[in-house]
Amino acid sequence: MDQQLISQARAVKRRRRTTLPTLFLFTDAAHHPDLAGLVARLPRDIAGIVFRHDGFPARNRLARRIARICRARRLALVIAGDWRLAAACRAGLHLRGGARPRTAYRGDLTTASVHDRAQLIAARRAGADIVFISPAHPTSSHPGEPALGPVRWAALARHSPIPTIGLGGMTGHNLRSLGRHCAGAGAIGALTLP
């Protein structure tokens with residue numbers, strides 16, 4: 001795990017005096033073969049999990065296991081794109097592209113990933129508590145894809161009435177580069193076990 005990123009996420013939490021997590025693990029079956037072990041090691045005072053594991057054969061069973069660990073450790077958990085699984089896990093909901101869900105279920109926390117201003121507006125209208133603006137920086141999970149960079153990322157974040165978190169290529173240095181509008185970091189590779 002990137003200790004510099006964890007330190008910067010703690011600094012953001014202190015500076016913003018927020019109860020919301022400032023460091024989110026975006027799960028990925030290829031990068032996180034021992035997801036339960038990884039979640040058990042996340043810093044409890046700042047961490048949350050966006051459970052994706054799309055296409056994973058035992059996704060529902062794994063989500064329930066992760067939900068138990070999160071409840072025991074008081075970590076925030078949101079389930080991406082599946083409100084029924086989120087409800088079964090007593091977890092929050094993660095909206096892809098800021099899209100309004102086809103349900104009233106929200107759980108304790110609603111997050112959304114956005115890539116442009118239209119999606120940011122949609123996420124706000126859908127009731128998101130946190131938005132992840134991506135890709136903030138070039139990322140190994142989407143090689144060759146253009147990134148927003150700090151200036152364009154901040155231009156989007158500045159228009160958000162809800163907390164904005166950087167996602168994509170996040171390191172401690174990259175989190176700092178996003179400036180005062182950044183309420184934390186979302187990561188895949190930076191939060192893997194050695």
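For the structure itself, consult the block above.
Please read all numbers here as calculations on a predicted model, not as lab measurements.

Engineer: Hey, could you go over the nonpolar core for me, with residue numbers and the actual values?
Structural biologist: Burial of nonpolar side chains together is a common tendency in soluble globular proteins. With 52 residues, the main nonpolar core has Val39, Ile66, Leu77 and Val131 as its most contacted residues. Residue contributions to this core peak at six residues, all from helix H3 (residues 59–73). Leaving out residues up to four positions away in the same chain, valine 131 has contacts with Ala112, Val114, Leu120, Ala123, Ser160, Ile162, Pro163, Thr164 and Ile165. Core analysis: the second largest hydrophobic core is formed by twelve residues, Phe26, Val50, Ile165 and Leu167 among them.

Engineer: Quick one: what's the story with the packing of aromatic side chains, residue by residue and with numbers?
Structural biologist: Overall, the coordinates contain two aromatic pairs when judged by the stated rule. Seen from their ring centres, phenylalanine 24 and phenylalanine 132 are 5.1 Å apart, and the 85 degrees between their planes marks the pair as edge-to-face. Taken together, the residues phenylalanine 24 in strand S1 (residues 23–26) and phenylalanine 132 in strand S6 (residues 130–133) connect sequence positions 108 residues apart. You'll find phenylalanine 24 and phenylalanine 132 in the same group, each marked buried. An angle of 90 degrees between the planes, with centres 4.8 Å apart, marks the rings of phenylalanine 26 and phenylalanine 132 as edge-to-face. Pair noted here: phenylalanine 26 is in strand S1 and phenylalanine 132 is in strand S6, with a separation of 106 residues, a long-range link. Phenylalanine 132 shares its class with phenylalanine 26; the two are buried.

Rules of the game
Residues numbered from 1 in each chain as written. Predicted model: local features only at pLDDT ≥ 70, side-chain atom pairs only at ≥ 80, totals over all residues. Heavy atoms only, no water. Core = buried A, V, L, I, M, F, W, Y, C linked by side-chain atoms within 4.5 Å. Buried < 20%, exposed > 50% of the residue type's maximum accessible area, 1.4 Å probe, protein only. Helix = DSSP H or I, 4+ residues; strand = E, 2+ residues; numbered from the N terminus. Contact = heavy atoms within 4.5 Å. Phe/Tyr/Trp six-rings, centres within 6.5 Å; stacked < 30°, edge-to-face > 60°.

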